[in-house]
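Survey of secondary and tertiary structure
Below are the chains, spelled out letter by letter.
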Amino acid sequence: MNVSAGSLDRPNSYIGRSVSRPNAKRLLEGKGRYVTDLVLPRMLYAAFVRSPYAHGRILSIDTDEAAALAGVRAVFTGKDLAAICTPWVGTLDHFKNMKSPPQLPLPTEKVTWSGQPVVLIVADSRAIAEDAAELVMIDIEEMPALADPVEAMSAGAISEELDDNLCFSMKLDAGGVDEALEAADLTVEQSFIFGRHTAVTLEPRAIVADYDPSENRLTAHHATQTPYQFQDVYSRHFGIPEANVRVIAPDIGGSFGMKLHVYHEEMAAVGASILLGRPVKYVADRMESFVSDIHARDHRVTARLAVGKDGRITGMEVDDVTAIGPFSSYPRTSAVEGNQVVRLMGAPYDFSAYRAKLSVVFQNKVQASQYRAVGHPIACAVTECMVDKAARELALDPFDIRGRNLIPDDSYPRKSPTGYQFEKLSHEVCLSRLRSLMNYDSLREEQAKLREKGILRGIGIALFVEITNPSPAFYGVGGARISAQDGAVVKLTPSGEVHCAISVTEQGQGTETVIGQIVADQLGVDRAKVRIMTGDTDMTPHGGATWACRGAGIGGETALQAARRLKANLLSIAGFILQAQPGELDIREDWIIEATTGQQRISLAEVARIAFFRSDTLPPGTQAQLSVAHHYAPQGYPFAFTNGAQGSLVEVDVETGFVKILRHWVVEDCGRIINPLLVDEQIRGGVVQGLGAAFFEECLYNAEGQLTNGSLTDYLVPMACEMPDIEISHVETPTRDTELGAKGVGEAGTAAASAAAMNAVNDALAGHGAVLSQIPMTPTRILKALGKI
Amino acid sequence: MKARAFEYVRPQSVEEALRAFGDADGDAAYIAGGQSLVPALALRLQAPALLIDIARIEELHGLAVVRDRLRIGATTRHFEILNSELVAEHAPLLSKAAPFVAHPAIRNKGTFGGSLALADPASEFPTMALALDAEVEIASFAGDRRVAIADFFLGLYETALQSGEMIRAVHIPVATAKTRYAFDELARRRGDYALVGAGVNAEYDGDRIERIGIAFLSAGPTPMRARRAEAILTGSRLTLEIIREAQEALDVDLDPPGDEHTPVEMRLHLARVLLGRLLGRLEARP
Ligand SMILES: Cc1cc2nc3c(=O)[nH]c(=O)nc-3n(C[C@H](O)[C@H](O)[C@H](O)COP(=O)(O)OP(=O)(O)OC[C@H]3O[C@@H](n4cnc5c(N)ncnc54)[C@H](O)[C@@H]3O)c2cc1C
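Quick caveat: nothing in here was measured; it's all calculated off a predicted structure. (Residues numbered from 1 in each chain as written. Chains lettered and ligands numbered in written order. Predicted model: local features only at pLDDT ≥ 70, side-chain atom pairs only at ≥ 80, totals over all residues. Heavy atoms only, no water.)

What follows is about the domain arrangement of chain A. All names here are of chain A. Taken domain by domain, chain A holds domain 1 (22–32 + 485–632), domain 2 (35–143 + 200–292) and domain 3 (376–465 + 639–785). One C-alpha centre belongs to domain 1, the other to domain 2; they are set 39 Å apart. Taken residue by residue, the interface counts 23 residues in domain 1 and 18 residues in domain 2. Summed over both sides, the interface between domain 1 and domain 2 buries roughly 1,400 Å², with carbon and sulfur atoms accounting for 46% of that surface. Per-residue buried area on domain 1 facing domain 2 is highest for Gln507, Thr537 and Asp538; these three make up 40% of the total on that side. (Domains from an automatic or database assignment. Contact = heavy atoms within 4.5 Å. Buried area = accessible area lost by both parts, 1.4 Å probe.)

In C-alpha cells form, the structure reads like this:
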C-alpha cells in the first residue's frame, strides 16, 4: 500500500518536493568537519612503507634506523599486528565454493600487489612518519607478477593458501540456448573489454582510531558509508566487545561504494592505537588512494545473441572473466559484481533461453570490488551493444528492435531467466518517452545532413534495469553481518521540535535531507524544525546504512513508519490534554488541529511543555511517549528493481580519434520521487561516472603489475568541460512493498551511460567499418579501430 | 605526501637571491609560482635544503617592448600573458597558447620563467618560445648572459641553466604585419597536458612563406622544432602537396615518447593531422 503522493500545496507536504539540502550551506562555507579535520589530544600520525613489487617474498625488514628517528613513536610490521588481529576472509556462503586467502593488516610472508602496505610508522607528525619511511629497509625477492586476467585462469596460484587463482565461478542455465542459437536467423557475437577504474572520491579514506585501554573502548572516527559494519569488524577482529566499539562517520566527501570495504591501512591504524593506547590518524594521500582504494570492473566478456529475422531475441549466451586482485574484499566479497553482471544480462528483454558462465580470478593488482552500479554497466553495455549490432545487421532502427523485444509493461510481476523477480517495470513507457525527449527523428535528420559535410555524429540508446532496496538476500543469507534493516529514533524536543537519529548515512548525496523531508511531512511540522543525525553507532540504532541504493527506499520507509508512530503518540497525549478523540485530531504546521476543520487547537511546543514539565496535569496512568524507536526491514520482493533508458549524442573526429560528447538523456523510473532535485543530481552524477568509464577513466598497468597512471595528472577523471548537458525525465512506478513506494536511484545514471555512449560511437563509425567494444574508448583505440594507426 | 623539511628565504633582489643560492652549497632551489616545484617536493622527487622564493622580486616581473623585442620578466604570471594586450599585439602566438596552459588557479601563480626553467616538453610556453626564436636572459654571479632558445633546451627537463643561474627575462621578436600564426593542441581534457600540440609562426612575403617556425609539444624529450618541415615550407606557397610533404617530414623532425596506450605512431599521426590543420588556418595579427 502506498501513501498518497500528497498534493504539493498541503502545508508540510515535503514528499515530492525539490527542497534544498540543509547541510549544503555549511559545507559550502567550509564548515564541514571531516575525519581529516579532527585533532585529538596525544594523537599520532601513521604512514606506510609500501611494496614496490606486485608479487614477492619478504626476506627481511630492517626498521632500526626508522625507529630511532626523533619523533617516531613506533614501527610495526605484520607480526606485531597479527598478534592482536584475527585474519579476515572475503567469502560469502551463498557463493558456492568461493575462496579467498586470509588477510592481515600487514603481510608477514608475501606481498601480492604493488603498493601493498608492509610497514606502519607512527610518529608525531605525518611528515616525520614519511621521513622514517624512507629509512626502512625491506628486502623483497621479486616474483613473477600475474597481471593478465585471462592468464590468471591457468597460471599457478599466487596465493600459497590456495591451489589456483579461481576465486569463484558460476554457471547459470535457464535452458534452450543451444536450440535458440541453432534455430536463429542471425547470431551476433562480440567480445568486450571493460577497463579497471576507481572511485576517486574528493575526500580520501581517513580514520582516527582512538583506543582507551582504561575502558577497553575503541572509538573510530572513520570516513565510511557503513559505521555499523565496521563496528562489527573491529569488535570481532580485535576482540573488543561490540558495545565498547563506537564508529563515528562525520562529514564524508563522497564514497561511491569505495568506503565500505575493509582496508589494511585502517585495520593497521586501529591495531596501532590498541598497541599504543593513543589516538592514531591515517589519511590516505592521493598517490596512496590510487594503489590502495578498491578498483572496479575489469571484465572480459564474450557474448552471443540469437535473433530472428523479425528482430526478436530468442537466446543469449555470456562468458565473463573478471579479475579482482590478490584476494576477495571483505566483508562483502568481490564476487557480487560478477554475479550481478551475469544475472542482469538481457534483463529488459522478453526471452528465456539464457546461459552464462562467470569466472572471478585473482591477480597481482590492488583489490577490486563493489563500486557504484555494481555489475550494471557491464551487463548493460554488453546487452545493449549486442542488440544494436543485431539491429545494424537486420537494418532495424535501435528503437524499433528494442520495441519488439521489451518486456511489456502490462505483464508484471515477472521472473527473469536468471531468477530475479520484477514487481513492475516500465520499459515501454520509458523507451517512448526517451524517443520524444531526444527528439530522435530530427536528430537522425541532422545526423544525415552533417554526414554530408564530413561531420560524424553518433546516436546511441540503452535500456537498463537496476537493483535497489536489497533484502537480506544480498548479504545476510551469505553469513555476512550486514544489516538489511534500518532503525530510527524520532523524538519530540521539549520545545516542540523534532530530532531523528537514523542508521542510514550521508556521504554528500542528501540522505539527511530526504529523511528530514519524510519525517516533517509525516509529522506535519516545518522542515526547519527537524534535525537529523546519522553516522554514529552510539547515537543511532543499528542498521544497514547507505549503499546499494537503499537510503531512501529502506531508510526512508523506516523514517516514515517511525514518524507515524510518534504522531500517533502525540495525538494521543494531545487528546488527553484537549479532552478530544485522537482520531479527530491531526498535526499541521507544528500545531495540533481539528482534523475536519483545520482549526488550531494546541501547539506541539505546548504539548511538549506539558508532557515534559507538567506531567502532573495529565490523567493518572498516562505516560507520554515522546521518543519512538522503530525498525524496518524489507519483506516483500528480495529487491526493488528499477528501470530506465538513456540516450547519447556524440561527435567523432575520425582524424584524431577524439570524441565530443554533445548531449545525454535519461528517462528513469525510481518509484516515488521524494526530492526531484536530489534525484536529478544523483542521475547526473551517475551519468558522469558512466561517461568517465566510457571515455576517460582507466587504471593502466604494465606487465609487471605496476600501475602506471596512479595520479590525477595521468588518471583522467571526467571534468565539467567535457561533460554534456544531461536532460532527465521521470516515470513513477512506486513499489507496493512499502508505504513510501520509493526505490533507489543512486546507480541508475552509471548503469547505462557507458552503454549508450558506446552505442553512439559505434553508430557514428558504422559507415567506417569500425566497432569499438572496449572501454574507455580512447583516441588511440578509436584510431586503431579505424585502421589509422 | 609531505615534503622533507627545508629552509625558506624571500630575497628582495636578484643579487640577494643569487647570493643565497651560492651560500647554500648548491643544495637550494628557486621557487617562483611553485606550481611544479611544490608537487615535486610533496612527492619527495626533490628535496633541497633551502627554497629561495623569487616570486616577489620586483625587477623580475613585468612586460615591456624594447625596440623589436617583447621582454617578458621571469616571474610574469601565466594569467598576465593571457590577459595582456601587449602580448596580443606583439606575440599573438603566446596569447593563443595561453588559455591551454593548465587551469585558472594554476595560471594565477605559475610563471613564464618557471615554465621555461622547468622545460617540460609538454608545456605550451617553452614550445612557443622555441617557435618564436626567443632569447633567454640569464642572471648569474659571473654576470648576465643571453642564450638563444634553440640552445636552451638540452634534454628532458635539462636546460642551459647552470647550478645557481636564474632566468631574468625572455626576449621575443615582435610580430609584424607579415606575421601569420596558429596554435592548437590535442588534450584529452581541457587544461591537461596535451597528447600533442603545436605552434606555427610564419612571416609571409605576399602569398609565399618567407620564414616559418614550427614547434611541437609532447613530441620529444624537449620542445621540438620541426626543421625539415620548415625547410619544405620556406619559400613556398601552401598547396596540399607541400603540406603533405611537410607532414611527412615530421617523422624525422619529431621523436615522441610512446607506450602501449599512446604509441609513438599515435602521436606522430596526431602531429601530422595537427600541422595540416594549423597550416590551413594561419591568421594575421588582429
Ligand atoms: C594541475 C597542473 C596542471 C598544469 N598544466 C599545465 C599545462 O597544461 N601546461 C603547462 O605549460 N604547464 C602546466 N602546469 C605547470 C605550470 O604551468 C607551472 O606553473 C610551470 O610549469 C612552472 O612555473 P612555476 O612558476 O610554477 O615554477 P616553479 O614550480 O616555482 O618552479 C619550477 C622549476 O623552475 C625553477 N625556476 C622557477 N623560476 C626560475 C627562474 N626564474 N630561473 C631559474 N629557475 C627557475 C624552479 O627552481 C623549479 O625547478 C600545470 C601545473 C599543475 C599543478
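From this point, the discussion proceeds with the structure in view.
Under the definition given, this model contains 70 salt bridges over all chains. The partner of Glu698(A) in a salt bridge is Arg781(A), with the nearest N and O atoms 3.0 Å apart. One end of the pair, Glu698(A), is in the loop between helix H18 (676–696) and strand S28 (725–730); the other, Arg781(A), is in helix H20 (residues 779–785), with 83 residues separating them in the sequence. Judged by its relative accessible area of 11%, Glu698(A) falls in the buried class. The salt bridge partner of Arg168(B) is Glu137(B), with a shortest N-O separation of 3.7 Å. (Salt bridge = Lys/Arg side-chain N within 4 Å of Asp/Glu carboxyl O. Helix = DSSP H or I, 4+ residues; strand = E, 2+ residues; numbered from the N terminus. Buried < 20%, exposed > 50% of the residue type's maximum accessible area, 1.4 Å probe, protein only.)

The interface of chain B with chain A comprises 25 residues on the first partner and 32 residues on the second. Interface area for chain B against chain A, summed over the two sides, is near 2,400 Å², with a carbon-plus-sulfur share of 59%. It is Met1(B), Arg188(B) and Arg189(B) in chain B that bury the most area against chain A; as a group they hold 33% of the surface buried on that side. In this assembly, chain B and chain A are joined by five salt bridges. Linking Arg44(B) and Glu130(A) is a salt bridge whose minimum nitrogen-to-oxygen distance equals 3.6 Å. Linking chain B with chain A are 13 residue pairs in polar contact (both at pLDDT 80 or more), by the criterion used here. With six residues, helix H11 (residues 264–279) of chain B is the largest single contributor of residues to the side of chain B that touches chain A. Taken together, the residues of the side of chain B that touches chain A break down into 11 nonpolar, four polar and 10 charged. (Polar contact = N/O pair within 3.5 Å; in protein donor to acceptor, adjacent residues only side chain to side chain. Nonpolar A, V, L, I, M, F, W, Y, C, P; charged D, E, K, R; others polar.)

All names here are of chain B. Tyr30, Gly34, Leu37, Thr111 and Glu124 are the nearest of the 30 residues found near the ligand. At 2.7 Å from an oxygen atom of the ligand is found a main-chain nitrogen or oxygen belonging to glycine 34. Protein chains shield 88% of the accessible area of the ligand, which is 970 Å² for the free molecule. Counting residues per element, the ones that place at least two in the shell around the ligand are strand S2 (28–31), helix H7 (112–118) and strand S10 (166–173). Among the elements that make up the shell around the ligand, the one with the highest residue count is H7 (four residues). Classifying every residue of the shell around the ligand by side-chain character gives 16 nonpolar, 11 polar and three charged. (Near = heavy atom within 4 Å. Areas by Shrake-Rupley, 256 points an atom, 1.4 Å probe, with all protein chains shown as cover.)

Attention now moves to unusual backbone geometry. All names here are of chain A. At the junction of tyrosine 330 and proline 331, the peptide bond is cis and its omega measures out at 0° in the coordinates. By the secondary structure assignment, proline 331 is in the loop between strand S14 (313–323) and helix H10 (336–344). Following isoleucine 775, the chain continues to proline 776 via a peptide bond in cis, the omega torsion being 0°. Here proline 776 shows up in the loop between strand S29 (774–775) and H20. Of note in the backbone geometry, asparagine 97 takes a positive phi value of approximately 60° without being a glycine. Checked against the element boundaries, asparagine 97 lands in the loop between helix H3 (78–82) and strand S4 (110–111). The class for asparagine 97 is exposed, based on a relative accessible area of 72%. Positive phi is not limited to glycine here, since threonine 333 has a value of about 70°.

Before going further, it helps to spend a moment on the sheet that holds strand S27 (residues 659–669) of chain A. To summarise the sheet geometry, strands pair through backbone hydrogen bonds and adopt either a parallel or an antiparallel arrangement. All names here are of chain A. Taken in spatial order, the four strands of this open sheet run S18-S26-S27-S28, and their pairing is mixed. Edge positions in the sheet fall to strand S18 (456–468) and S28, since each of these pairs with one other strand and no more. Averaged over all pairs of adjacent strands, the angle between their axes in this sheet comes to 15°, without regard to strand direction. (Pairing = 2+ DSSP bridges. Axes fitted to C-alpha atoms, helices over the stretch in contact; angles between N-to-C directions.)

Quick look at the confidence of the model for chain B now. Averaged over chain B, the pLDDT score is 97; the fraction of residues at 70 or greater is 100%. For this predicted complex, the interface confidence reaches an ipTM of 0.96, while the overall pTM sits at 0.97. (pLDDT = per-residue confidence, 0-100.)

Locating Glu134(A) in the fold gives a position in the loop between helix H4 (126–133) and strand S6 (137–142). Counting along the chain gives 69 residues from Glu134(A) to Glu65(A), while the straight-line C-alpha distance between them is 9.7 Å. Every residue in contact with Glu134(A), bar those within four places of it in the chain, is listed here: Arg4(B) and Arg44(B). Here Arg4(B) takes part through its side chain, which lies 2.6 Å from a polar atom of the side chain of Glu134(A).

Residue and element names in this part refer to chain A. Across the sheet, which stays open at both edges, the seven strands sit in the order S3-S5-S1-S12-S9-S10-S11 with mixed pairing between neighbours. Two strands bound the open sheet, and with one partner strand each, they are strand S3 (72–76) and strand S11 (245–248). Put simply, the sheet's adjacent strands are angled 20° from each other on average, direction ignored. Strands in contact with H4 are strand S1 (44–50), S3, strand S5 (117–123) and strand S12 (280–283); relative to S1, the strand with the most contacts, it is inclined by about 30°. Taken strand by strand, helix H7 (residues 227–238) contacts strand S9 (206–212), strand S10 (217–222) and S11, and its axis lies near 145° from that of S11.

What follows deals with the nonpolar core. Residues Phe695(A), Leu765(A) and Met777(A) are the most contacted members of the largest nonpolar core, which totals 127 residues. Sort the elements by how many residues they give to this core and helix H19 (residues 748–765) of chain A lands first, with 12 residues. For this core, the two domains that each supply at least three residues are domain 2 (35–143 + 200–292) and domain 3 (376–465 + 639–785) of chain A. With 54 residues, the next largest nonpolar core counts Val14(B), Phe152(B), Val170(B) and Val174(B) among its residues. (Core = buried A, V, L, I, M, F, W, Y, C linked by side-chain atoms within 4.5 Å.)

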